[in-house]
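Spelled out from the first residue to the last, the chains are:
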Amino acid sequence: MSREPWVKPSIVMQVTGLMNKFGRRSTRKPIEDIDGVAIQELLEKYGSPLFVFSEKAIRAKFKEIKRVFSTRYPDVRFGWSYKTNYLDSVCSILHQEGALAEVVSEYEYEKARRLGIAGSDIFYNGPFKPKDSLVRATKEGAHIHVDHFDELNDLMKISTELKMQPRLAIRINLDAGIYPSWDRFGFNLESGEAMEAVRRIADHGGMRFDGLHLHLGTFILDPVAYANAVGKLLDFADDIQDRFGIKIEYLDLGGGFASSNTLHSQYLPGEEASPSLNQYAEHICGALSRGFADGRSPGLVLETGRALVDEAGYMVTSVIAEKRLPSGLKSLVVDAGVNILFTSFWYKHNVFTTRDITGLQEEVAIYGPLCMNIDVVRPSVMLPPVERGEPLVLHPVGAYNVTQWMQFIRMRPNVVLVGENGVSEIIREAETIEDILSKERLPERLKLS
Ligand SMILES: Cc1ncc(COP(=O)(O)O)c(C=O)c1O
C-alpha cells in the first residue's frame, strides 16, 4: 500500500466579507510553461538561472503598438531602442516586424549595421558620439540627433570637410509638467538654448536639419505630459519656420511608456497603475492632429523601449537556501541576483511558483547569490512554502536586464528564445571563465612559479 507523503499541517485562514483592496488573489497562479515549453524542460536543457524570451510576445506587442498608433495617425515610425535589449535575436524580431533602429553609441550603431539596418534607418542619439562615428553616420545618411553645442561644432566641421550635409535633428528638453524634468540631455526650450542651436544651424547652412527629438524620461505615468510636449514642439517648429524658413519634417518623441512592472514606490500593481498604449496614443495623436501652422503634419517617430519587450522576458531561478532571519522573517537565497536582474532596484518583480504548492502563505524576502548586502531581489513578497531546489519565475524582466547586467562575482547565464513554433533555442550562451579571462593580461613578472 503506498502512503501519502507527509505534509506540514497548516491552518488556512478563511476569508469572508469584503474583497481585498485589489480584488484579487494574494498569490499568483503558477507559471508552468512559457508558450507551451515546460519550465522544468527549460531548466533541464539550459540550467539555472535562465533568461527566457517569448518570440510570440515580442511580435504581438509590436503589432499592438503599431496598430494603436497607426490607426490614429497616418505617419508613424518606430525606432527600436537598442539599449533596452540589444540581443541580436530580439532586435531582429523587431526589425522583421518593421522597426527601425534607435542607438546611443557607436557600438550600438555598429550592431544595427551588422544586422543589416541601413544607416538611413538609424536614429543616432546620445551625449557622446565620437567624431569618427559622426563621420560614418553622415556618410551613411543616419538621423543624427544632436545633444549639445560641442557636437554641433563637430558636425559643422565634418560637413565642411566632407562637403556633405549631415542629416540632423536637435534633441530638446522642455517642461512638460512632470517632475523632475530631464534637462541634462539636449538643448533647453524655455531658456532659448534650443533656438540658439537652430540659429547656428541656419547660419552654417550646410546641414539637412529636419527633425526635433525629445525623450521626456522613462516610465512616464502621465500620458498628458506627451500631449503638453507635442504642443510645445509644434509651436517651436512653427517659430523656426517663421524665423529661418526651415521646415521640420518629423517629431521624435523618444520612449518612456511604462511597462506592467510595479515600481517600488507604487502602491497599486503595475497592471493597474500603468497607462495603456491606447492612452498614450490618444494623447499624443490628439495633440499632433493640430499639425503645423502651414497645414502640414509632422511625421511621428517613437523610440519605445521597455513597454515593448518587458513582458516578453522571464527569469527562471532556483531556490538555493531557505533561512529564518533574527527578525523572524523567512528569507530565500536564489541563484539570480542584481548582477543579472538590475531592474530589481526599480521594480517589485512578480514572483511565480511553477506548480501549485499547498500550505500557508508567508511573507518572504528573496535575496540573490552575491555576497553583497545590496543583492535583494524582493524585500517582501507572499509565497507558499518553497524549499531548496524549487524553481521560481520572475516576470516581467525583458527590458534593460540583458543590457545592464554585469559580470560581478558570477557569470552571465544562458538566454533562450521560445520561438513561435514552440521550439526553444539559445540566443546567448552562458559565459565561461575562458570568455572572461581571454580579456585579461597577466604580466610575466607577476606570474606565480
Ligand atoms: C533617447 C532614448 N530613446 C528611447 C529610450 C527608451 O526608453 P523607454 O525604455 O523608457 O521606452 C531611451 C531610454 O532611456 C532613450 O534615452
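All of these numbers come straight from a predicted model, not from anything done at the bench.

Engineer: An account of the overall build of the protein is needed here, citing residue identities and associated values.
Structural biologist: Secondary structure summary: the protein contains 13 helices and 20 strands in total. Against the 2.2 N^0.38 benchmark of 22 Å for 449 residues, the protein shows a C-alpha radius of gyration of 25 Å, consistent with a compact globule. The C-alpha extent of the protein, read off along each of the three principal axes, is 90 × 75 × 45 Å. Counting over 449 residues, the protein shows a buried share of 41%. Of all intrachain contacts in the protein linking residues separated by at least 6 positions in sequence, the fraction that spans at least 24 positions is 69%.

Engineer: Please set out the pairing of strand β8 (residues 167-173) residue by residue, giving values where relevant.
Structural biologist: Side-chain positions along a regular strand alternate between the two faces of the sheet. Counted residue by residue, β8 has 7 buried out of 7 residues, so it is predominantly covered. Judged by which residues are buried, β8 turns out to be covered on both faces: Arg167, Ala169, Arg171 and Asn173 on one side and Leu168, Ile170 and Ile172 on the other are all buried. Here strand β7 (residues 143-146) pairs with β8 via 3 bridges, running parallel. Each bridged residue has a counterpart across the sheet, and for His145 the counterpart in β8 is Ala169. With helix α6 (residues 149-162) bridging β7 and the parallel β8, this β-α-β connection has right-handed handedness. Taken together, the 6 bridges between β8 and strand β10 (residues 208-214) define a ladder with parallel strand orientation. Within the sheet, the bridge partner assigned to Arg171 lies in β10 and is His213. In terms of strand pairing, β8 meets strand β9 (residues 187-188) through 2 bridges, oriented parallel. Bridge pairing links Ile172 to Phe187 in β9.

Engineer: Got a sec to walk through the packing of helix α5 (residues 131-139) against α6? Specific residues and values, please.
Structural biologist: Interhelical geometry of α5 versus α6 gives an angle of 55° and a closest axis separation of 10 Å. Judged on the interaxial angle alone, α6 and α5 are oblique. Helix-helix and strand crossings are classified by hand; for α5 and α6 the assignment is right-handed. Contacts between α5 and α6 involve Lys131, Leu134, Val135 and Thr138 from the former and Asp154, Leu155, Ile158 and Leu162 from the latter. Looking at side-chain class alone, the contact of α5 with α6 contains 5 nonpolar, 1 polar and 2 charged residues.

Engineer: Quick one: what's the story with the domain arrangement of the protein, residue by residue and with numbers?
Structural biologist: By a widespread convention, an interface's size corresponds to the accessible area lost as its parts come together. Partitioning the protein into structural domains gives domain 1 (33-52 + 311-431) and domain 2 (55-309). Using only C-alpha atoms to locate each centre, domain 1 and domain 2 end up separated by 33 Å. Contacts between domain 1 and domain 2 engage 21 residues on the former and 20 residues on the latter. Looking at the side of domain 1 that touches domain 2, the elements with two or more residues in it are α12 (401-404), β19 (415-418) and β20 (424-428).

Engineer: Mind laying out the pairing of strand β5 (residues 100-103), listing which residues take part and the relevant values?
Structural biologist: Burial along β5 is two-sided: Leu100 and Glu102 and Ala101 and Val103, pointing in opposite directions, are all buried. For strand β4 (residues 76-81) and β5, the ladder comprises 3 bridges, and the chain directions are parallel. If you follow Trp80 over to β5, its bridge partner there is Ala101. Note that the unit made of β4, helix α3 (residues 88-96) and β5 has a crossover that is right-handed. Sheet topology places β5 next to strand β6 (residues 122-124); 3 bridges connect them, and they run parallel.

Engineer: Outline the environment of Val386, listing residues and values.
Structural biologist: Looking at the element boundaries, Val386 is found in the loop between β17 (376-383) and β18 (391-395). Residues Val386 and Met164 lie 222 residues apart in sequence; the distance between their C-alpha atoms is 64 Å. Dropping the residues within four chain positions of it, Val386 is found in contact with Val319, Leu332, Thr353 and Ile357.

Engineer: Residues and numbers for the nonpolar core, please.
Structural biologist: One finds Val52, Ile122, Leu212, Ala229, Leu233 and Val416 to be the most contacted residues of the largest nonpolar core, which totals 115 residues. For this core, the leading source of residues is helix α8 (residues 224-244), giving 10 residues. Two domains each put at least three residues into this core: domain 1 (33-52 + 311-431) and domain 2 (55-309). Ignoring any residue separated from it by four or fewer positions in sequence, one finds Ile122 in contact with Leu100, Ala101, Val103, Tyr109, Ala112, Ile117, Ala142 and His143.

Engineer: If you had to explain the environment of Pro5 to someone new, which residues and values would you point to?
Structural biologist: Looking at the secondary structure, you find Pro5 in the segment before β1 (33-34). Classification of Pro5 by C-beta neighbours within 10 Å gives exposed; the count is 5. A C-alpha to C-alpha distance of 77 Å links Pro5 and Ile240, two positions 235 residues apart in sequence.

Engineer: Outline the packing of α8 against helix α10 (residues 277-288), supporting the account with residue identities and numerical values.
Structural biologist: Between two packed helices, the angle of one axis relative to the other and the distance separating the axes together describe the packing. Contact pair α8 / α10: the axes reach a minimum separation of 8 Å and the direction vectors enclose 15°. Compared by their axis directions, α8 and α10 come out roughly parallel. When the axes of α8 and α10 are compared, the crossing they make is right-handed. Counted together, Val224, Tyr226, Ala227, Val230 and Gly231 of α8 and Tyr280, His283, Ile284, Gly286, Ala287 and Leu288 of α10 form the full contact between these two elements. Its residues placed into classes, the contact of α8 with α10 shows 8 nonpolar, 3 polar and no charged.

Engineer: Give a detailed account of α3, specifying residues and quantitative values.
Structural biologist: An α-helix turns once every 3.6 residues. As a result, residues three or four positions apart point the same way. Turning to α3, its buried residues are Val90, Cys91, Ile93 and Leu94. Projected down its long axis, α3 carries its buried residues within an arc of 160°, all on one side. Facing away from the buried side of α3 by more than 90 degrees, the exposed set consists of Asp88 and Gln96. Residues of α3 that are buried make contact with β3 (50-54), α2 (55-70), β4 and α11 (306-309).

What counts, and at which threshold
- Residues numbered from 1 in each chain as written.
- Predicted model: local features only at pLDDT ≥ 70, side-chain atom pairs only at ≥ 80, totals over all residues.
- Helix = DSSP H or I, 4+ residues; strand = E, 2+ residues; numbered from the N terminus.
- Rg over C-alpha atoms; globule rule 2.2 N^0.38 Å.
- Buried ≥ 20, exposed ≤ 12 C-beta atoms within 10 Å, placed from the backbone.
- Contact = placed C-beta atoms within 7 Å.
- Pairing = 2+ DSSP bridges.
- Right-handed = clockwise from strand over helix to strand, strands pointing away.
- Axes fitted to C-alpha atoms, helices over the stretch in contact; angles between N-to-C directions.
- Parallel < 35°, antiparallel > 145°, perpendicular 65-115°, else oblique.
- Left-handed = near helix turned anticlockwise from the far one by under 90°.
- Nonpolar A, V, L, I, M, F, W, Y, C, P; charged D, E, K, R; others polar.
- Domains from an automatic or database assignment.
- Core = buried A, V, L, I, M, F, W, Y, C linked by C-beta atoms within 7 Å.
- Arc of directions from axis to C-beta.

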